[in-house]
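Given next are the chains, with one letter for each unit.
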Amino acid sequence: MEIPYTVKTRPDTGLFNAKLGIWLFLASEVMLFGALFSSYVLLRVGSPDWPHGSSILNVPLGTLNTLVLITSSITMVMAWASLVLKNFSKFKLYMGLTILLGLVFLVVKSFEYGAKFHHHMFPKESVYLAIYFTLTGLHALHVIGGMVVNAYLWGPGSKMWETDPQRFTNRVEVSGLFWHFVDLVWIFLFPVLYLL
Amino acid sequence: MATHSAHPFPKSSAHDLPFWRKYIFSTDHKIIGLQYGITASFFLFFGFCLMMLMRWQLAYPGQPLPVIGTWFGDANMPGGIMLPEFYNSLGAMHGTIMVFLAIVPLVFGAFGNYIVPLQIGAPDMCFPKVNAASYWAYFTGGVVMCYSFFVPGGAANSGWTSYSPLADIATEGQTWWLIGMVCLITSSLLGAINFIATIVQLRTKGMTWFRLPFFVWAQLVTAFLLLLAFPPLEAAGVMQLMDRLAHTSFFLPSGLVVSGKVLEVSGGGTPILWQHLFWFLGHPEVYVLILPAMGIVTEIIANNTRKPITGYKSLVFSALTIGFLSFIVWAHHMYLTGMGTKVSAFFQTTTILISVPSVIILTALFISLWGGSIRFTTPMLFALGFLPMFGIGGLTGIPLAFNATDIPLHDTYYVIGHFHYIVAPGTIFAIFAGIYYWFPKVTGRMMSERLGKVHFWLSMIFMNGIFLPMFIQGMAGVSRRWYDGGASYEFVQGVIHWNVFMSVSAWCLALVQIPFLINLFWSACKGKKASDNPWDATTLEWATPTPPPHGNFVVPPIVYHNPYDYSMSGAKKDFTPQNQPVEA
């Protein structure tokens with residue numbers, strides 16, 4: 001017997017399997033980052049001399065990266081919408097842009113990291129730097145994970161468009177949900193670490 | 001779907017797969033369930049062996065362990081005499097292995113994987129490859145944990161709770177412990193997603209929410225606990241790894257003095273943060289250990305009393321309530337940290353609240369026995385044994401829930417006795433019950449009732465021999481961490497003679513598992529042949545061929561009945577299978 005609802009939605013739940021799966025995964029991710037944000041709050045409340053984020057970090061670069069990620073979320077939606085409209089070449093364009101913007105984000109981030117290391121600002125120097133590197137490092141790992149999946153869907157994985165277009169569209173949707181989540185985490189990270 | 005009269009086995013069935021695809025890197029939920037079961041049983045035995053070693057040191061402190069004492073090397077047991085560091089490693093790893101590598105994989109990974117898709121009438125789990133990945137992540141975590149015994153300084157030795165700052169400055173084993181935990185958390189995350197998606201999406205036609213067997217409900221709530229409670233421990237694990245490898249100070253306060261020297265770190269962190277994050281997992285984890293056990297026991301009690309479970313819906317809502325409340329009780333493990341009376345008052349209130357649904361479940365199961373024509377089969381004996389054992393474990397928890405009574409009992413053997421009553425004669429008895437109950441479905445053969453009864457009664461005696469004296473010792477003030485069992489503390493001299501009794505009970509408990517092992521292997525080869533439904537049960541796992549083929553059901557089943565329709569008036573037999581069509 002085949003496993004049902006891998007492509008079609010189940011009528012009473014309105015979901016196909018992978019969509020439920022990714023939402024559950026994101027729920028656990030919320031708990032992971034939620035725990036780290038809570039730790040941030042606890043550490044900050046308990047600290048006598050917590051530095052102002054903008055005195056240590058580069059706010060313009062952080063703002064740039066925020067814009068880059070938000071744009072990539074838009075191109076991600078466009079990629080999925082192109083598939084729904086059966087326009088495969090548009091999909092290739094928008095998905096390619098999404099991956100490129102992810103790459104831009106990582107390059108900017110690595111410049112920021114490099115500048116910090118150059119000034120001997122390592123995680124061990126203070127609890128503020130420790131939580132900064134832990135949160136942004138974990139977030140960067142998520143960006144890389146999302147890019148790997150998107151690159152697969154852009155490249156070899158896109159062959160599925162010929163054989164099973166509905167399933168392929170579902171895959172892009174699921175990958176997109178993850179990408180939006182990664183974007184959303186940054187929307188929280190940026191003010192908490194850079195501005196407050 | 002009902003008219004799906006095609007071939008029982010589609011082209012891609014497991015029949016033509018090579019051995020390594022069929023049994024090693026399988027994606028069939030039943031094979032993965034068995035892989036989980038076998039691996040976790042090994043760890044259960046391994047964790048028990050660690051404890052038996054510790055019990056020697058507790059009963060005969062400082063005396064060389066005869067015969068095998070010199071096997072452990074001069075770094076651990078010079079001349080067969082256990083060093084304190086090795087004792088600490090054994091304790092930390094006993095807890096870690098039993099909780100994360102033995103009990104959870106058994107009740108969730110093994111029983112859940114094998115039984116849940118069958119009981120809801122599904123061909124497999126929602127994501128079979130993710131399921132396999134979950135097992136292999138678990139296996140990797142287990143290998144890492146075993147490997148950590150061989151690194152310099154031995155395995156993790158800061159207790160299974162790995163409290164910082166002790167764990168921050170501990171030997172290398174702690175780093176491997178953290179890496180192992182990350183693998184195990186990944187595994188249970190993948191498993192949890194799969195279980196929830198499967199139960200939501202793959203219920204067969206007619207399997208409405210309130211026709212689900214209670215075992216499935218219990219697994220569903222368990223999966224939610226694993227999904228949402230484990231990530232904070234992962235966050236904590238990442239931070240402790242940062243503390244250990246990148247020399248950050250998440251859990252290190254300023255001015256920490258180690259061996260007379262101020263530690264050269266930035267400081268500014270807080271050890272309490274680790275405790276909050278650990279117990280945010282740690283307490284839901286307790287219900288991960290007990291809910292599936294309650295599910296197993298419910299199935300067996302309904303089947304062997306031949307009547308419907310009393311208050312099925314109460315059980316379901318109790319399980320859901322437990323699931324919710326278990327997220328807001330964690331700090332009752334931390335009364336001694338001085339959180340303040342208001343916080344303590346909050347957590348003691350929620351902790352007492354959570355005992356209500358647990359008592360409802362236990363009461364419903366007791367009432368279910370009333371007026372039933374009970375069959376005292378081996379699985380039923382273990383299920384019946386579970387009830388009072390869990391009762392003792394639960395009731396002894398109430399003094400620990402209250403701030404005032406908890407403080408003198410904190411970290412004593414009373415606590416050890418309390419939670420072991422829930423997990424050892426509680427959950428492990430439920431595991432044995434489940435093995436005896438579902439063995440005929442897995443192998444097509446019955447286990448020996450005679451050996452099973454010997455196994456049950458002797459296990460019952462020795463389990464209580466180990467854990468009952470712990471309450472006496474704990475109330476006299478024996479600490480759980482003492483390496484000499486209390487020999488050097490004058491105020492406990494009146495109760496430490498129990499140590500020998502408890503240790504001998506533990507070793508005897510190991511011996512009386514021999515009939516079980518003989519039964520398991522002998523019955524698998526030579527046991528009495530079993531029919532597809534040897535217990536005359538109602539739930540869907542008994543509607544499959546034995547053993548169930550890849551894809552489980554010959555024809556997708558349709559459900560017409562409640563899960564426990566035993567002895568229905570007007571029915572021809574004393575059980576009405578869920579998929580038996582209603583006569584017009």
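Before going into details, it helps to say that this report is about the structure given with it. (Residues numbered from 1 in each chain as written. Chains lettered and ligands numbered in written order. Predicted model: local features only at pLDDT ≥ 70, side-chain atom pairs only at ≥ 80, totals over all residues. Heavy atoms only, no water.)

General note: in soluble globular proteins, nonpolar side chains tend to be found buried as a group. Residue and element names in this part refer to chain B. Counting residues in hydrophobic clusters, the biggest one holds 245 residues, and the most contacted among them are Met93, Phe214, Leu291, Ile301, Phe386 and Leu387. A total of 21 residues in this core trace back to one element, the largest contributor, which is helix H3 (residues 84-119). Each residue touching Leu387, except ones within four places of it in the same chain, is listed here: Val297, Ile301, Leu362, Leu365, Phe366 and Leu369. (Core = buried A, V, L, I, M, F, W, Y, C linked by side-chain atoms within 4.5 Å. Buried < 20%, exposed > 50% of the residue type's maximum accessible area, 1.4 Å probe, protein only. Helix = DSSP H or I, 4+ residues; strand = E, 2+ residues; numbered from the N terminus. Contact = heavy atoms within 4.5 Å.)

What follows concerns unusual backbone geometry. With the exception of glycine, the majority of residues adopt a negative phi angle, and the majority of peptide bonds are in the trans configuration. Residue and element names in this part refer to chain B. In this structure, the amide linkage connecting Ser164 to the following residue, Pro165, adopts the cis form with an omega of 0°. Structurally, the position occupied by Pro165 is in the loop between helix H4 (128-147) and helix H5 (173-201). Even without being a glycine, Ser259 presents a positive backbone phi close to 50°. Structurally, Ser259 is set in the loop between strand E1 (257-258) and strand E2 (261-262). Take Ser259: its relative accessible area is 74%, and that puts it in the exposed class. Here Arg306, not a glycine, exhibits a phi torsion of approximately 60°, which is positive. Here Arg306 shows up in the loop between helix H7 (271-305) and helix H8 (312-325). Here Arg306 falls in the buried class, since its relative accessible area comes to 4%.

The next thing to look at is the packing of aromatic side chains. Enumeration according to the criterion identifies 75 aromatic pairs over all chains in this entry. When the centroid spacing of 5.1 Å and the interplanar angle of 40° are considered together, the rings of Phe190 of chain A and Tyr194 of chain A count as tilted. Highlighted residues: Phe190 of chain A and Tyr194 of chain A, both in helix H7 (residues 165-195), separated by four residues, approximately one helical turn. In this structure, Phe190 of chain A and Tyr194 of chain A share a single accessibility class: buried. Note on Phe43 of chain B and Tyr138 of chain B: the rings are 6.4 Å apart at their centroids and 70° apart in plane angle, and the pair reads as edge-to-face. Residue Phe43 of chain B is located in helix H2 (residues 29-59), and its partner Tyr138 of chain B is located in helix H4; the two are separated by 95 residues in the primary sequence. On the basis of relative accessible area, Tyr138 of chain B is assigned to the buried category, the value being 1%. Connected via pairs of aromatic rings, a cluster forms that spans Trp20, Phe25, Tyr36, Phe42, Phe43, Phe46, Tyr135, Trp136, Tyr138, Phe139 and Phe149 of chain B. The ring of Trp209 of chain B carries Arg203 of chain B above its face, with NZ or CZ at 4.1 Å from the centroid. Between Lys313 of chain B and the ring centre of Phe210 of chain B, over which it is positioned, the NZ or CZ distance is 4.5 Å. (Phe/Tyr/Trp six-rings, centres within 6.5 Å; stacked < 30°, edge-to-face > 60°. Lys NZ or Arg CZ within 6 Å of the ring centre and 35° of its normal.)

A few words on the state of the cysteines. Residues and elements named next belong to chain B. On inspection of all chains with the given rule, the structure shows zero disulfides over all chains. Looking at the unpaired Cys49, the closest cysteine sulfur is the one in Cys146, lying at 12 Å. A relative accessible area of 26% places Cys49 in the partly exposed class. (Disulfide = S-S within 2.5 Å.)

With that settled, the discussion passes to the interface of chain B and chain A. Residue-level contacts link 42 residues of chain B with 33 residues of chain A. In total, about 3100 Å² of surface goes out of reach between chain B and chain A, with carbon and sulfur atoms giving 76% of it. Looking at the side of chain B facing chain A, the largest losses of area belong to Pro123, Gln201 and Phe250 of chain B, adding up to 19% of the total buried there. At the boundary of chain B and chain A, one finds six residue pairs in polar contact (both at pLDDT 80 or more). Secondary structure elements with two or more residues in the side of chain B that touches chain A: H5, helix H6 (214-246) and H7 of chain B. Considering each element in turn, the side of chain B that touches chain A owes the most residues, eleven residues, to H6 of chain B. Class assignment of the residues belonging to the side of chain B that touches chain A gives a composition of 28 nonpolar, eleven polar and three charged. (Buried area = accessible area lost by both parts, 1.4 Å probe. Polar contact = N/O pair within 3.5 Å; in protein donor to acceptor, adjacent residues only side chain to side chain. Nonpolar A, V, L, I, M, F, W, Y, C, P; charged D, E, K, R; others polar.)

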